[in-house]
Amino acid sequence: MHFMGIGAMDIGSRTAWDPAGVVIAIFIGLTFGSASAMLLVRLRGIASQLAAAGTLALGILGLHFVAMAALTILPAGAATPELTGAAPKLLALTVAFGAFGVVCLGFAAALLDQQIGGRKLAELKRIRALADATFEGLVIVRDEVILDINHRMIEMLDLRREDLLGLPANKLATNIGGLALLGKSGDPGPHQTRLQRRNGTCFAVQILVREVDFDGLPACVFAIRDVSIEERAKAEIMHMAHHDALTGLPNRLCFQERLVEAINQAGEAGSDIALIAFDLDRFKEVNDVHGHAAGDALLVAVADRFRDALPNHATIARLSGDEFAVILPNIPGRIEAIAVSQRAVNLVGKPFEFRNAVINVSASAGLTMFPMDGEDPDQLMQQADLALYRAKHQGRNCLCEFDPELGAIVHEKRSLESALKLAVEDELLDLHYQPQLDMDSGEIIGFEALLRWEDSVRGAVSPTDFVRLAEETGLILKMGQWVLVQACLEAVAWPGQERVSVNVSPAQFKQGNLVQAVQQALRTSGLHPSRLEIEITEGVLIDDEARALTLLQHLRDLGVSTAIDDFGTGFASLNYLRAFPFNKIKIDRAFMAGIQDDLEAQIIVRATINLAHDLGMGVVVEGVESYEELEVLGEQTNLLLQGYLLSPPLTRGQIPAFLLGSKSRRSRIVQACQPTNRRDVA
Ligand code: C2E
Ligand code: MG
Ligand code: MG
């Protein structure tokens, strides 16, 4: 522009240029122009823009003045100095092109700069979005001050970005000295700590620390994860692992830990501890008779009763099913321990109401003391169990103290258990058969199969004992199945068509495949279904009436008859006789023992016989031992008799001889119930 301007001047004279001056002027213009452009591209802010403008102005001025100095204006007619005639127009054009080039370059640089700036901004946005999208809170700290923070962190703390930017980093995570201190420690973590929200509540976090380059300078980035849900879940799992879900009491695991703790503390303080094991009496019956809902409600009520009866500092735990245990720390002595435990036994033993039914419960308890009886937690637990075991055997609803002799009794129970298991597995059990007499015809119409176990060491073990043990241990299922098949197989070999009655325990009844088991036994043995009778006790009916009814109906459909055993001793009411399709009822032998001297028993038995007959059921009187007992019944038809008076249970081999040789005894028994005879007795 400068050179073109000079060239266009029409001043009536000629001009001449000093080439060196021209070159220097252009050089100055280019240098300062470029410097100005560079300043604009590289630096931001007003100051740099001013500097760029100043540099450009210097460039323009420099070019202008130097170019002017290189110009010589010659009056018209003056001789043209050497060299200066060299095409000033060409020179001006060159300069113009140069300047144009510079301007183009400037534009290009500005365009490039804008593009780079845009890309940088987009990248910044992307990084911010990325940082905001993380599940972790991010805090960037330099020189102990918060430089930047992502959206998640703001959300977690429930604060605004402005509140946090520039804040001293130690204001966060104050309980571990603050974030800045954490950064300085050089430990990358994870660190567990708590942060505070705006409303003052705290939450658990996990922090990871890393050194980063932030805006060209080193800084610390803290990745912070809210772990409060995990912490809560962990706490819940811990609680569940240490507590019983039903009653909310500590469980066995927790109890053992607390016992160790209590013993350590008492050892240091020189104080005494009482350890008491409790067990509900006949809890299984409550479950069987009133159902599991009643059983659960009872357990909850018992837990509450324990809480009421025992001091606040006592640990009350539910160890399993109906087993509870208590630690009484700082107990002054044995007498006080007994008094507290007795109070608990009494309170638990109060009747319990469930859905309008009154359930009578009681508890047995075993007591042992630290350090008098023992100092080892396991040993103390065992001692309390032994004392409890004795309480159970002393008629329940009582408290027993530990006595060293008890160990032997418990040991015996355990060894009986394993011996029974072997006997069931090796089929060392046997069946005896007790005949049933038809009082009308004088014929033996059937036999009840009764389990016998002759242990090599103990001799004959009572079925009442080992059947209960088998029920407790679950062995009863295998044992019952064996009885069913064996009784059918043996009955097939009997000379006549007598029926075989098989006792089925509640566990078998509830297991669900009783009908299939009966079918299989009949198939395996080839016994006609009409020759099989299933005896069940009253208790199984009440648990699940609908199921029991279906099962009994299925058995009946198979052609198998059913009898209700031990009638009058369980929980069932006469109502069940109406509701359930039994073929027979068996009046328990407890009513028959000494009935001749027991007016009440006589009334009950007679009424039961009449009721059963009215409902179309047969009646078996069990456990008749003497004529006196029999005669009391008076004239009865449709009555079956089972008892020692007729015969004790017989071995398989004794049956044929009994059937042949018992005729006179049978007719004597039948005679005893004849009307004439009754008059004689009267
Ligand atoms: P239960 O079913 O009521 O059996 C009748 C019990 O009364 C038998 O006792 C029998 O020997 C006894 N008994 C019969 N007549 C008289 C008598 O005149 N006087 C006296 N005092 N007792 C008499 P056992 O054999 O000791 O069986 C006791 C209980 O063991 C049975 O009572 C039954 O509940 C259970 N049991 C026996 N065998 C089995 C079995 O195979 N399966 C199941 N689940 N339980 C069985
Ligand atoms: Mg029976
Ligand atoms: Mg019976």
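Please refer to the structure placed before this passage.
Draft legend 1. Spatial organisation of the coordination of the magnesium ion (ligand 2). Summarising the metal site, the magnesium ion (ligand 2) is bound by the protein donors E448 (OE), N503 (OD1), E535 (OE) and D565 (OD), whose distances to it range over 2.1 to 2.2 Å. Look at where the donors of the magnesium ion (ligand 2) fall in the sequence and you get E-x54-N-x31-E-x29-D. The metal-metal distance between the magnesium ion (ligand 2) and the magnesium ion (ligand 3) is 3.8 Å, with D565 coordinating both. Of the two residues, N503 sits in strand β18 (residues 499–503) while E535 sits in strand β19 (residues 532–537), which places them 32 residues apart along the sequence.

Draft legend 2. Summary view of helix α13 (residues 377–393). Look at α13: 25 Å from first C-alpha to last across 17 residues, which is about the 24 Å you get at 1.5 Å a residue. Among the residues of α13, those classed as buried are P377, L380, M381, Q383, A384, L386, A387, L388, Y389, A391 and K392. Packed against the buried residues of α13 are α9 (252–269), β8 (273–280), β9 (315–320), β13 (363–370), β14 (399–401) and α14 (406–425). Where α13 begins, one side-chain oxygen reaches toward the backbone nitrogen of D378, 3.3 Å away; that side chain belongs to D376. G395, located one to two residues past α13, shows a positive phi value of around 100°.

Draft legend 3. Structural context of helix α16 (residues 476–492). Taking 1.5 Å per residue as the helical rise, α16 with its 17 residues ought to reach 24 Å, and the 24 Å between its terminal C-alpha atoms agrees with that figure. Buried within α16 are the following residues: I476, M479, G480, W482, V483, L484, V485, A487, C488, E490 and A491.

Draft legend 4. Just the site of ligand 1, in detail. Near ligand 1 lie 22 residues; those nearest to it are Q434, R452, R589, E625 and Y644. With respect to ligand 1, the side chain of D566 contributes an N or O atom lying 3.0 Å from an oxygen atom. A distance of 2.6 Å is found between an oxygen atom of ligand 1 and a side-chain nitrogen or oxygen belonging to R589. Expressed as a share of its isolated accessible area of 790 Å², the protein-covered part of ligand 1 is 87%. Only β16 (444–455), α15 (463–473) and β20 (561–567) provide two or more residues apiece to the shell around ligand 1. No other element matches β16, which puts four residues into the shell around ligand 1. When the residues that make up the shell around ligand 1 are grouped by side-chain class, the tally is eight nonpolar, six polar and eight charged.

Draft legend 5. Highlighting the coordination of the magnesium ion (ligand 3). Every protein donor of the magnesium ion (ligand 3) is listed here as D565 (OD), D566 (OD), E622 (OE) and E622 (OE), and their distances to the metal cover 2.1 to 2.6 Å. Taken in sequence order, the residues that donate to the magnesium ion (ligand 3) follow the motif D-D-x55-E.

Draft legend 6. Highlighting the packing of α9 against α13. In contact at an axis separation of 10 Å, α9 and α13 are set at 115° when each is read in the N-to-C sense. Handedness of the α9/α13 crossing: right-handed. On the side of α9, the interface is formed by R252, F255, L259, V260 and I263, while α13 contributes P377, L380 and M381. Class assignment of the residues belonging to the contact of α9 with α13 gives a composition of seven nonpolar, no polar and one charged.

Quick notes on the rules
- Here the residue index of a chain counts from 1 through its sequence in written order.
- Chains carry letters from A onward and ligands carry numbers from 1 onward, assigned in written order.
- Reporting in this predicted model follows two pLDDT cut-offs: at least 70 for local features of residues, and 80 or more for side-chain atom pairs to be given and counted; totals over whole chains, interfaces and linings ignore these cut-offs and use all residues.
- Side-chain metrics rest on all non-hydrogen atoms present in the structure, leaving aside hydrogens and water.
- Donor atoms are limited to N, O and S found within 2.8 Å of the metal ion, a distance that becomes 3.2 Å for Na, K and Ca. With water left out, some sites might look partial.
- Think of it this way: any DSSP run of H or I at least four residues long counts as a helix, any run of E at least two long counts as a strand, and we number them from the N terminus.
- Here, expected helix span is obtained from the residue count minus one, scaled by 1.5 Å.
- Any residue under 20% of the maximum accessible area for its type is buried, any over 50% is exposed, and the rest in between are partly exposed; the area is computed with a 1.4 Å probe on protein chains only.
- Any pair of residues with heavy atoms lying within 4.5 Å of one another is described as a contacting pair.
- For the purposes of these results, a polar contact is taken to be a pair of N or O atoms within 3.5 Å, where, inside protein, one atom must be able to donate a hydrogen and its partner to accept one; residues adjacent in sequence count only when each atom of the pair is a side-chain atom.
- Summary of the distance rule: residues count as near a molecule or strand when at least one heavy atom falls within 4 Å of that molecule or strand.
- Only the protein chains shown count as cover for residues, with accessible areas throughout obtained via the Shrake-Rupley method and a probe of 1.4 Å.
- As a working rule, the residues Ala, Val, Leu, Ile, Met, Phe, Trp, Tyr, Cys and Pro are called nonpolar, Asp, Glu, Lys and Arg charged, and the rest polar, with Gly in that last group.
- Between N-to-C directions, angles span 0 to 180 degrees; the directions come from axes that are lines fitted to C-alpha atoms, helices contributing only their stretch in contact.
- If you view the pair so one helix is near and one far, a crossing is left-handed when the near helix is turned anticlockwise from the far one by less than a right angle, and right-handed when it is turned clockwise.

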